[in-house]
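# Chain and residue survey
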Amino acid sequence: MPDTTPINYDLQHDELVAKIVAEHAKADLVTLKEIWAYLEGSEQQLLAVINNQIPAANLPGNIEFGPILYLLNNDVLRKHPVLKEILRALGMPYTKITSGQWNGLVSSAEHGPGLVVGDGTLYSTMLYGQLDYHWAMAVLSFVYHYYISKKKAPFGTNPANVTVDPSKDKVTIAVFGDWGTGPWVDGIYESPAMLVAKAINTITPKPDISIHLGDVYYSGSSAEELHNLLPKFPAGTLLDKQGNSFSFTMNSNHEMYDGAFGFFEKALSNPLFNIQNNTSYFVINFQDWVLVGLDSAYYDPSFFVMQGGIDAGQQAFVKGLNIPADKKVIVFTHHTAITTDGSAINNDKNKDGSFNPNNLFTEVVAAFNNRNPDFWYYGHTHNGIVYNDKSVTQNYTTAFGRHPEMRCMGHAAIPFGNGYDLYDAAGNPIAAVDYYAHTCLPDPNKQQGKRVLNGFALLTLWKGKITETAFEVYPDGAIKQVWSKTSSF
C-alpha cells in the first residue's frame, strides 16, 4: 500500500546533511566550480528582475535557480551550521542579493502577490513557490549525488512495448506533468495536485491510460515518491493480460536530484507501475498510433539536469521499432523540446551563457531515423501551453506533410502565474501559441494574487484521428475545457 505518512522534511534534511558531512572530502571540486558559477549566473538573472529589467539572454544559469545562493548562504547555514565550513571548502560563493533586496522580495510575496517571470514561474514564499527553502535542500541533494557520492540508481533497460486491444474503437489518455507535490494546504483550497487527480478521476468514462510526465518534489526522494506520487495517482483503467494498469510515470530532473533512487526503487517498483518493467521508457501501440515515452533525465549532462537528453541505448531502441511511415507518432518526455515562447529549439547553454547546438529535439528526431514526431507532449516548464504552426515547428515537416504539434503540460500541481513570455502587448496569447494557462485563481488571498489555474490534457485516439483537449481545474472541483482540436490523417 502507498505510504500516506506525512514527510518529515527536517529528518530528510538532517540525513542529507549527515551524508555531506561524512563524505564531502570525496567531492569533485573542479566541476563543482562550474555549478557555483551556474548558480551565480542564475542569481544575476533574478537580480535583473528585482531591478525591473528583463534578464539578458546570454546570462549563464536559469532564473529558476535565482534564489538558491541566498537560501544556501542564509536559511541553510542557519538551520544547519555544521555545513558552514564545509560548503565554503566546496567552493560555494557568497550571495550578491542584499538582505534589503531579499526582504523586499519576501515582503512582496508574503503581503502581496509575489513576482512572476517569463515562463510563469512564481516567486512566492508559499510551499512550492520559488522562495521556498526546500528548493535549496534539493540543490544540495543534487550536489551530493552528482559531485560527492557520484552514485545513481541502476538504469532499467527492459522497456514495456504494449499493444492496446485493436478491437477497441478508441482509447483515452490523461496526460499531466510535474504533479508530484502530494497534498498540501493551499490557503483555503485543496492542493492543485489533489484537485487535478480528482478531476481526471471524474472524467466519464475514466481515462484508459494515465501518463505522468515526471517531477516529484522536491528531489524525488524515497519518502517523496511514496507520499507525493503513489497514494492519489489517477491510474488508467485499461489493464493488460497480466492485470497491470496502463499507468506510466516518467523520470525527471527533480527525481535525478536523489540519484533516481526514489524513482526506480520506490515508484517504478510499486505494483501501480508494473507495466513499465522498472524501466523509464516505453512504447504503447494502438491502431495506427505509436506512443513513445523517453527518459530525458537520466543521461542528461546539463547543469541540474535542466535541458534533457537521451542516451544511445534509447536511440537504438527507438530505431529498432522500425515504425512504418503510415503510423502516427506521439512522443512523451519530461523535458521541453522548444523554448517557452515557441521561437526556437531549446538548445543547451555553454558555460559562458552562449548557446550550443546540443538539444533534445535533435536527439529524439535522430532516434526516429530523422523523422519528426507528429505530436510531442512534455512537462518541466510549469505551465500549460499549446503551440501552433507559427512556432519554430513551421521549419519541420512530419511524414504526413504537417508540422510537429508541441504541447507543454507541466502545470498539474506547482503554483504558477501569467508568464510575460506568453502574451503580447494587448494581453493576448502570442502568435506561436493557441492556448496557455492564464485563468486567474478565484478569491485568492494575498499570496495567491498572481496565481492561475492548474490543469491537464486528455487525448482520444481513433484509427486515423486524434482529439486533444486541455482542461483547467477550479478550486471547487469544477473542470473547464479551455482548448480542443481534432486532427484527421
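Here goes a summary of the coordinates provided. (Residues numbered from 1 in each chain as written. Predicted model: local features only at pLDDT ≥ 70, side-chain atom pairs only at ≥ 80, totals over all residues. Heavy atoms only, no water.)

Scanning the protein chain from terminus to terminus reveals twelve helices and 16 strands. Compactness check: the protein chain gives a C-alpha radius of gyration of 21 Å against a globular reference of 23 Å for 489 residues, within 12% of the reference. Across its three principal directions, the C-alpha atoms of the protein chain cover 65 × 50 × 45 Å. Burial status across the protein chain gives 61% buried among its 489 residues. Considering only contacts within the protein chain whose residues lie at least 6 apart along the sequence, 75% involve residues at least 24 apart. (Helix = DSSP H or I, 4+ residues; strand = E, 2+ residues; numbered from the N terminus. Rg over C-alpha atoms; globule rule 2.2 N^0.38 Å. Buried < 20%, exposed > 50% of the residue type's maximum accessible area, 1.4 Å probe, protein only. Contact = heavy atoms within 4.5 Å.)

Moving on, we come to the nonpolar core. With 124 residues, the main nonpolar core has Leu 39, Phe 65, Leu 140, Trp 179, Phe 304, Trp 376 and Phe 456 as its most contacted residues. Of the residues forming this core, the biggest block, eleven residues, is contributed by helix H6 (residues 134-148). Ile 211, Ile 284, Met 409 and Val 452 belong to the second largest nonpolar core, which has 35 residues in total. (Core = buried A, V, L, I, M, F, W, Y, C linked by side-chain atoms within 4.5 Å.)

So, about unusual backbone geometry. For the bond from Thr 204 to Pro 205, the omega torsion is -10°, close enough to zero to count as cis. Secondary-structure assignment places Pro 205 in the loop between helix H7 (192-202) and strand S5 (209-212). Each neighbour pair has its own omega, and for Tyr 217 with Tyr 218 the value is 15°, a cis peptide bond. Tracing the sequence through the fold places Tyr 218 in the loop between S5 and helix H8 (222-229). The residue Ala 260 is not glycine, and still its phi comes out positive at about 65°. Looking at the element boundaries, Ala 260 is found in the loop between helix H9 (253-256) and helix H10 (261-267). Positive phi, normally seen in glycine, also occurs at Asn 277, with a value near 55°. Along the chain, Asn 277 falls in the loop between H10 and strand S7 (282-286).

On to the sheet that holds strand S13 (residues 433-436). In spatial order, the strands read S3-S7-S8-S9-S10-S12-S11-S13; together these eight strands make up an open sheet with mixed pairing. Strands with a single pairing partner mark the edges of an open sheet, and in this sheet they are strand S3 (160-163) and S13. Averaged over all neighbouring strand pairs, the angle between strand axes comes to 15°, with direction disregarded. Bridge count for strand S9 (residues 328-333) against strand S10 (residues 375-378) is four bridges, and the pairing is parallel. Within S10, the residue paired with Phe 332 across the bridge is Tyr 377. (Pairing = 2+ DSSP bridges. Axes fitted to C-alpha atoms, helices over the stretch in contact; angles between N-to-C directions.)

So, about the sheet that holds strand S16 (residues 479-488). As summarised here, the arrangement of the six strands in space is S6-S5-S4-S14-S15-S16, forming an open sheet in which the pairing is mixed. With one partner strand each, in any of the chains shown, strand S6 (247-249) and S16 form the two edges of the open sheet. Shown here is a sheet whose adjacent strand axes are inclined to one another by a mean of 15°, direction ignored. In this structure, S5 lies alongside S6, joined through three bridges in parallel fashion. Bridge pairing in S6 places His 212 opposite Thr 249.

A separate point is the packing of aromatic side chains. With the rule as written, the count across this model stands at 39 aromatic pairs. Where Phe 361 meets Trp 376, the ring centres are 5.9 Å apart and the plane angle is 20°; that geometry is what we call stacked. Note that Phe 361 is positioned in helix H12 (residues 360-367) and Trp 376 in strand S10, a separation of 15 residues in sequence. Take Phe 361 and Trp 376: they sit in the same class, and that class is buried. Through a chain of ring-to-ring contacts, three or more aromatic side chains come together here, namely Tyr 38, Phe 65, Phe 142, Tyr 146, Tyr 147, Tyr 257, Phe 303 and Phe 304. Positioned above the aromatic ring of Tyr 133 is the side chain of Lys 79, whose terminal nitrogen or guanidinium carbon lies 4.8 Å from the ring centre. Positioned above the aromatic ring of Trp 289 is the side chain of Lys 328, whose terminal nitrogen or guanidinium carbon lies 5.9 Å from the ring centre. (Phe/Tyr/Trp six-rings, centres within 6.5 Å; stacked < 30°, edge-to-face > 60°. Lys NZ or Arg CZ within 6 Å of the ring centre and 35° of its normal.)

Summed over the entire model, instances satisfying the criterion amount to eleven salt bridges. For the salt bridge of Glu 40 with Lys 96, the shortest nitrogen-to-oxygen distance reads 3.8 Å. Linking Glu 40 in helix H2 (residues 29-50) with Lys 96 in the loop between helix H4 (84-89) and helix H5 (99-111), this pair joins segments that are 56 residues apart in sequence. On the accessibility criterion, Glu 40 (28% relative accessible area) is partly exposed. What you see here is one network of salt bridges that share partners, running through Glu 405, Arg 407, Glu 468 and Lys 485. (Salt bridge = Lys/Arg side-chain N within 4 Å of Asp/Glu carboxyl O.)

All right, on to the packing of H2 against H6 then. At a minimum axis separation of 11 Å, H2 and H6 run at an interaxial angle of 160°. Put simply, H2 runs roughly antiparallel to H6. Crossing geometry of H2 relative to H6 is assigned as right-handed. Residue-level inspection shows Thr 31, Leu 32, Ile 35 and Leu 39 of H2 in contact with H6, the latter providing Val 139, Phe 142, Val 143 and Tyr 147. Split into classes, the residues belonging to the contact of H2 with H6 amount to seven nonpolar, one polar and no charged. (Parallel < 35°, antiparallel > 145°, perpendicular 65-115°, else oblique. Left-handed = near helix turned anticlockwise from the far one by under 90°. Nonpolar A, V, L, I, M, F, W, Y, C, P; charged D, E, K, R; others polar.)

Here the focus is the pairing of strand S11 (residues 384-387). In summary, the side chains of a regular strand alternate between the two faces of the sheet. By the alternation rule, side chains of S11 split into Gly 384 and Val 386 and Ile 385 and Tyr 387, which are all buried. The sheet contact formed by S11 and strand S12 (residues 405-409) spans three bridges and is antiparallel. When the sheet's bridge partners are listed, Val 386 is paired in S12 with Arg 407. With three bridges connecting them, S11 and S13 associate as antiparallel partners. Residue pairing across strands places Tyr 387 opposite Val 433, the latter belonging to S13.

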